[in-house]
Structures are given as C-alpha cells and as structure tokens.
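Topology and contacts: notes
So the chains spell out like this:
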Amino acid sequence: QMATVRLQCVERGAETDMMFVSVFSTLIEIWSGSFEDAARLAEETIERAQQLGGEHMMVIAKTVQAAVAAYTGHSDDAREAARVALTVAHRCGSPRLADWSTISLGFLEVSLRNYADALRVLKPMVSRFGIVPGTEIITAAYIPDAVEAMVALGQLTEAEPLIDALERNGKRLDRPWMLAIGARCRANLLAAQGDLAAAERKAHVAMAEHDHMPMPFERARTQLLLGQLQRRQRQKERSRATLREAFQ
C-alpha cells in the first residue's frame, strides 16, 4: 500500500508528501526486518530533504536516519542524527516532529543496557502517557523500552500502568502488537517480582501473539527474554534452543 502511495507521489511530483511517506515506509521496513531497504529509504530521504531545503524537512530526514542507525547498531550515527533532529525541531517550534528520534534513542540505550539514560531520554514521552490517547504503535512505540528500563531499575510501580494499558487496549482492539508487547512487558515485570514460572507462561503468550504479526526483530526480543527465563529456571536445553533461534 505504501509503495502505491509513493508511486502516486512520484507521478504528481509531490516531493514534500514523499518526505512523510518515507517516514512510514522506513518504519515498515524496519519492523519487517528489511534493514537494507530501510537504509536505502533513509538515504533517499536525506537527499530529498537537502534538495527541498527547510528545517522541517531536515528534521524528518534525520529522524528516519536515526531510526535506521539505531536498529542496525550504529550507535554514534544514531545519537548524532537524533541530536540534530531534536535540536532543529525545537528551533523551528515543532518538537513533536522529532518524537521518533526520542523513541529511537530510548530503544538504543535500552539495547545497550543503559537503562538510566534510556529513561532520561524517554521522559518527555512517558510524561505524556496520560495525555496522548491510545497505545497504537505509531504513538506508543516507546512503551516497551520504557517498561524494560523501569523494571531493570526497580521502578515496578511506574511500569504497571503502561503494561496495563497495552494489555487492555490490545484485548479490546485485537491488536497483535499490543498483545505481544504487553505480554512481554508483563513477563518482564513478573520475573522482577520473583515469579519466574508465571513470567515464562506470559512470555509464551507473547510468542503466540507474535505469530500474528511479521515483526521478526520484536519476536527475537521476546525470545531473548523467554530464553533468559528458561535459563534462570535451569531449563538449559530449552534455553539454549530458544536463544539460538532468537539470535538467528
């Protein structure tokens, strides 16, 4: 569908619209695990922003670049692209335009287990949790990283409302992403509370929900947690198999 929209923009010469189309197209490629295609789109977006000019265009381009760099492990590039996006977004009076740069930075810091830094970065997003309605991925992609950081730092009470919202809305709307991520977050919380058996059961619920959405990276994150839970319960063979599949 996005390829069709992109073609229509090309046919109409709608270069500005293409910038926004590129954001969603790049996110789709990242979620699908097509990182080479995502990187190609990000490069095209940077070139288009340079041709069009204007600070808003550069914010969009750098936001896309930051997301790709974070997911492909280029930490310095991700931080620099996000820094530029956030700086320019605030300068031109559109800080929300760079929300995905904040989300990408939070994801990066959690990936590196810099949990305190992750929460510091994600604080503006978390502070709006009670204001921005719903938990759809496009506005709430920061939640799993915020929860993981909170749990790692022992802030279990703060994590609970975020998890509750994902589970409740996922069930009400039948959203596989919310259901899978909500179950993974709940498993993480249960493990921190010392109930490893319940945590493992919830992780298996998350894995079942992953079967309904083609997001291999998120599936691998859940498998990583499941493997860790199995290892902590001395299920060595099962843990080894789970972790091997996650790393593939």
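Now for a quick tour of the structure.

1. Details of the overall build of the chain
- Along its length, the chain carries 14 helices and zero strands.
- The C-alpha extent of the chain, read off along each of the three principal axes, is 60 × 35 × 30 Å.
- Each of the 248 residues in the chain was classed as buried or not, and the buried ones make up 50%.
- If the 30 positive side-chain charges of the chain are averaged to one point and the 31 negative ones to another, these points end up 6 Å apart.

2. Quick word on helix 9 (residues 143-152)
- The buried fraction of helix 9 amounts to eight of the ten residues, a majority that puts the element mostly inside the structure.
- Looking at helix 9, one finds that the buried residues are Ile-143, Pro-144, Asp-145, Ala-146, Val-147, Ala-149, Met-150 and Val-151.
- Those residues of helix 9 that are buried are in contact with helix 6 (99-111), helix 7 (115-127), helix 8 (137-140), helix 10 (156-173), helix 11 (176-192) and helix 13 (216-232).
- Of the residues trailing helix 9, Gly-154 is marked for its positive phi of about 80°.

3. As for the packing of aromatic side chains
- Inspection of the entire model under this criterion finds six aromatic pairs.
- Summarising the aromatic geometry, the rings of Phe-35 and Tyr-71 are spaced 6.4 Å apart at their centres and angled 25° between planes, so their arrangement reads as stacked. Residue Phe-35 is found in helix 3 (residues 35-52), and its partner Tyr-71 is found in helix 4 (residues 55-71); the two are separated by 36 residues along the sequence.
- For Phe-35, a relative accessible area of 25% puts it in the partly exposed group.
- Each ring, one from Phe-35 and one from Phe-217, has its centre 6.3 Å from the other, and the planes form 85°; the classification is edge-to-face. A residue pair is termed long-range when its members are at least 10 positions apart, and Phe-35 in helix 3 and Phe-217 in helix 13 qualify at 182 residues.
- Connected via pairs of aromatic rings, a cluster forms that spans Phe-35, Tyr-71, Phe-107 and Phe-217.

Parameters and conventions
Each chain has its residues counted from 1, running along the sequence as written. Given that the model is predicted, a residue must reach a pLDDT of at least 70 before its local features are reported, and side-chain atom pairs must reach 80 or more before they are shown or counted; all residues, however, enter totals for whole chains, interfaces and linings. With hydrogens and water stripped out, all remaining heavy atoms of the structure feed into the side-chain values. Note on conventions: DSSP H or I runs of at least 4 residues are helices, E runs of at least 2 residues are strands, and numbering of each starts at the N terminus. Exposure categories follow from relative accessible area, calculated using a 1.4 Å probe and restricted to protein chains: below 20% of the type maximum is buried, above 50% is exposed, and the middle band is partly exposed. Neither His nor the chain ends is counted toward charge; the positive residues are Lys and Arg and the negative residues Asp and Glu. Where a charge sits is defined by one atom per residue type, namely NZ (Lys), CZ (Arg), CG (Asp) or CD (Glu). When checking whether two residues touch, look at their non-hydrogen atoms; a contact exists if any pair is within 4.5 Å. Stacked, edge-to-face and tilted are the three classes for Phe, Tyr and Trp ring pairs, Trp counted by its six-membered ring, which pair at centre distances within 6.5 Å; planes under 30 degrees apart are stacked, over 60 edge-to-face, the rest tilted.

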